[in-house]
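Chains, contacts and geometry: an overview
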Amino acid sequence: MAVSFFGLAIFLLLTLDSDYGSTPVSAASEGVQISYGSTIKLMHERTKFRLHSHDVPYGSGSGQQSVTGFPNVDDANSYWIVRPVQDSSSKQGDSIKTGSLIRLQHMKTRKWLHSHLHASPISGNMEVSCFGSDSESDTGDHWSVEIEGNGKTWRQDQRVRLRHVDTGGYLHSHNKKYQRIAGGQQEVCGVGEKKPDNVWLAAEGVYLPVTETK
């Protein structure tokens, strides 16, 4: 595990925006703040599966790149880069507070966590997919961070919900699993109500230090 974190840190040092001068801090320390530019895995609280994607399209709905819950911790296809939305004043190194808008960019395929009103393959809820590229993104990639409890700033040990701006659906997963193309992986979708199954935590990753002026 330490080797994979080291490799990820080296990757980030080579690909971070040129105006960022510090080095990534913790790989997995409780209580670390999540800042824009950090690369993280999101763990579904109830099932412990990680938010995951790979270059496999859905066979129904939008036909876009599929998003699933993945059971194994050590998989590079579960890393997501936390980005601000377009035309935002937020920048790399800023902390993320409750109500902040974010985009999640899949590290390997460079596509954005996306949702819309297409039906998800198993449950028929709102489909969650990956879409776009480094140069292509729209409001379907925007998610609002809702922190559970009294905390106001997103930290690694903070329970959060991610609400899709366009549809109002919460990022959701459950123990309904795919049988064929993504056998053993579970469905990720959007649902309109707050439920225990739409709570997530930041888990493994490389967290950039907060650099904003207080």
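Model, not experiment: these values are computed from the prediction. (Residues numbered from 1 in each chain as written. Predicted model: local features only at pLDDT ≥ 70, side-chain atom pairs only at ≥ 80, totals over all residues. Heavy atoms only, no water.)

So, about the environment of histidine 118. Examined against the element boundaries, histidine 118 turns out to sit in strand S6 (residues 112–119). Given the relative accessible area of 37%, histidine 118 is considered partly exposed. Counting along the chain gives ten residues from histidine 118 to valine 128, while the straight-line C-alpha distance between them is 8.6 Å. For histidine 118, the residues in contact, after removing those within four places along its chain, are Gly61, Ser62, Asn125, Met126 and Glu127. (Helix = DSSP H or I, 4+ residues; strand = E, 2+ residues; numbered from the N terminus. Buried < 20%, exposed > 50% of the residue type's maximum accessible area, 1.4 Å probe, protein only. Contact = heavy atoms within 4.5 Å.)

Here a ring pair, both rings aromatic, is described through the centre-centre distance and the interplanar angle of the planes. Applying the stated criterion across every chain, the model contains zero aromatic pairs. The ring of tryptophan 112 has arginine 103 sitting right over it, with the charged end atom 4.1 Å from the ring centre. (Phe/Tyr/Trp six-rings, centres within 6.5 Å; stacked < 30°, edge-to-face > 60°. Lys NZ or Arg CZ within 6 Å of the ring centre and 35° of its normal.)

This brings us to the pairing of strand S11 (residues 186–191). Counting buried positions over the six residues of S11 gives six, a clear majority of the element. As judged from the two bridges shared by strand S7 (residues 126–131) and S11, these two strands associate in the antiparallel manner. Along S11, the bridge assignment pairs glutamate 127 with cysteine 189. As judged from the five bridges shared by strand S10 (residues 170–177) and S11, these two strands associate in the antiparallel manner. In the strand pairing of S11, leucine 171 is matched with glycine 190. (Pairing = 2+ DSSP bridges.)

This paragraph deals with the environment of phenylalanine 131. For phenylalanine 131, the position within the fold is in strand S7. Along the backbone, phenylalanine 131 and lysine 111 are 20 residues apart, and their C-alpha atoms lie at a distance of 5.1 Å. Other than its neighbours up to four places away in sequence, phenylalanine 131 contacts Gln64, Lys111, Trp112, His114, Glu136 and Asp138.

In this structure the tally under the stated criterion is seven salt bridges. With its nearest N and O atoms 2.5 Å apart, the salt bridge here joins glutamate 204 to arginine 50. Placement of glutamate 204 in strand S12 (residues 200–206) and of arginine 50 in strand S2 (residues 50–57) is noted, with a sequence separation of 154 residues between them. By the burial criterion, glutamate 204 is buried, and arginine 50 matches it. With a closest N to O distance of 3.9 Å, lysine 194 and glutamate 146 form a salt bridge. With lysine 194 in the loop between S11 and S12 and glutamate 146 in strand S8 (residues 143–147), this pair connects stretches of sequence that are 48 residues apart. For lysine 194, a relative accessible area of 52% gives the class exposed. Residue classification places glutamate 146 among the buried positions, given a relative accessible area of 17%. (Salt bridge = Lys/Arg side-chain N within 4 Å of Asp/Glu carboxyl O.)

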